[in-house]
Amino acid sequence: MAPESSVRPRAAGELTFAAPRRAKPARHLADLSMDERRTAVAELGEKPFRADQLSRHYFERLNPDAAAMTDLPAATREQLVTALLPPLLTSVKEITCDGGTTRKTLWKLFDGALVESVLMRYPDRATMCVSSQAGCGMNCPFCATGQAGLTRNMSTAEIIEQVVAGARALAAGEVPGGPGRVNNVVFMGMGEPLANYKAVIGAVRRMVDPSPQGLGISARGVTVSTVGLVPAIGKLADEGLPVTLAVSLHAPDDELRDTLVPINTRWKVAEVLDAAWSYAARTKRRVSIEYALIKDINDQEWRADLLGKLIKNKLVHVNLIPLNPTPGSKWTASRPEDERAFVRRLEFHGVPVTVRDTRGREIDGACGQLAAAPGS
Ligand code: SAH
């Protein structure tokens, strides 16, 4: 739950023993709607249309450098950039693999919190995997981020800055394959996006709105991945944004899912799947079911069979992810023959299934493992 949600106006004379509110990341243009940006610019004594110019520099030219903003009066450039484009992320470490086409960055936020993002370039598209929280409160035992607990929610602009950083690298031709752009964004980095709902929706809007409001990425290219916070899935369906929903199921039965995805003790498999089907019906978007295959834990044929029966004939696709073992974990990825049998069983039920490529595995995947061991 967002720390802000517990803050309410205090009645006069009411005693409080609450800890002081923690400082928030600086306000940034990407946190604001177009109207709010115009108001902010006017408050600085500038003409409101300067907000549009500044927005184009940020979202279209991907340029945070005041000196290059020659359509803005020289005297006001610095002031506008300082007030509305404060630096929010500092790169601490960057590692690449796959011939430079996979690039993972560890970022430090203003308060020292660490998050990571991954840029993956394929022949026909580029995907940014972003974090939505520093840490995560969902406590899934196979996930590196889950082990460290939640530090804090990220702001909308902190989320957007990860995408913009990737877009800049692509536009500048830093990634092999020539200049390019970000086509897809997946909320599969650190954090549970639907537990930071407001900031995440703000970020999704900035991603899909055309310039100068936002980055102009197709909503169909944006995937929100969740452990299955049922009320928030319902809310997401109401937003009118046809983003792809991915549900991290990992087990078709409550007994096992209660241990692998502990929030299952609150919302059961049947409720999560119902919410997913409603989402598919509302948005006409195929829901993705994420299933990390863990050797001898959740990879039995009978579980594939049960999963197949639960989801057959639905607007669904199953993404099997070979487990990326976390340091010190007793769990490992399934045997190849068990993986194949699992796939066959789902196909028997007519369920579309793919095994996710294990890109970035040698740089610790997208599973919070870099932030857990930043010095390594
Ligand atoms: N909180 C969101 C986003 C998490 S990361 C969610 O749970 O959906 C995206 C996916 O990676 C999730 O399906 C998550 O369960 C999975 N994942 C986490 N750790 C993993 C690991 N060690 N190996 C394979 N997949 C993992």
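Here, the structure is the one placed above.
All values reported here derive from a predicted model rather than from experimental measurement.

Participant: I'd like to hear about the sheet that holds strand S2 (residues 102-108), residue by residue, with values.
Facilitator: Taken in spatial order, the ten strands make up an open sheet running S1-S2-S3-S4-S7-S8-S9-S10-S11-S12, and their pairing is mixed. Among the strands making up the open sheet, the edge pair consists of strand S1 (90-97) and strand S12 (353-355). Pairwise comparison of adjacent strand axes, ignoring direction, gives a mean angle of 20° for this sheet.

Participant: Quick one: what's the story with the site of the ligand, residue by residue and with numbers?
Facilitator: Near the ligand there are 18 residues, and of these Gly191, Ser225, Ser248, His250 and Asn324 occur at the shortest range. With respect to the ligand, the side chain of His250 contributes an N or O atom lying 2.6 Å from an oxygen atom. Contacts to the ligand include Asn324, whose backbone N or O atom sits 2.7 Å from a nitrogen atom. For the ligand, whose free accessible area comes to 530 Å², the fraction covered by protein is 95%. Classifying every residue of the shell around the ligand by side-chain character gives nine nonpolar, seven polar and two charged.

Participant: Requested: an account of the packing of helix H10 (residues 301-311) against helix H11 (residues 336-348), with residues and values cited.
Facilitator: For any two helices packed against each other, one specifies the crossing angle of their axes together with the interaxial distance. Between H10 and H11, the least distance of the axes is 8 Å, while the angle of their chain directions is 25°. As judged from the angle between their axes, H10 and H11 are roughly parallel. H10 and H11 meet at a crossing whose hand is right-handed. Contacts between H10 and H11 involve Glu301, Arg303, Ala304, Asp305, Leu307 and Gly308 from the former and Ala341, Phe342, Arg345 and Leu346 from the latter. The residue inventory of the contact of H10 with H11, partitioned by class, reads five nonpolar, one polar and four charged.

Participant: So, the packing of helix H5 (residues 156-171) against helix H6 (residues 197-208): which residues are in play, and what are the values?
Facilitator: Between H5 and H6, whose axes approach to 8 Å, the crossing angle comes to 40°. On the basis of the axis angle, H5 is oblique to H6. Classified by chirality, the crossing of H6 by H5 is right-handed. Taking contact as the criterion, the partners of Thr156, Ile159, Ile160 and Val163 in H5 are, on H6, Lys198, Ala199, Val200, Gly202, Ala203, Arg206 and Met207. When its residues are assigned to classes, the contact of H5 with H6 shows seven nonpolar, two polar and two charged.

Conventions we followed
Residues numbered from 1 in each chain as written. Predicted model: local features only at pLDDT ≥ 70, side-chain atom pairs only at ≥ 80, totals over all residues. Heavy atoms only, no water. Pairing = 2+ DSSP bridges. Helix = DSSP H or I, 4+ residues; strand = E, 2+ residues; numbered from the N terminus. Axes fitted to C-alpha atoms, helices over the stretch in contact; angles between N-to-C directions. Near = heavy atom within 4 Å. Polar contact = N/O pair within 3.5 Å; in protein donor to acceptor, adjacent residues only side chain to side chain. Areas by Shrake-Rupley, 256 points an atom, 1.4 Å probe, with all protein chains shown as cover. Nonpolar A, V, L, I, M, F, W, Y, C, P; charged D, E, K, R; others polar. Parallel < 35°, antiparallel > 145°, perpendicular 65-115°, else oblique. Left-handed = near helix turned anticlockwise from the far one by under 90°. Contact = heavy atoms within 4.5 Å.

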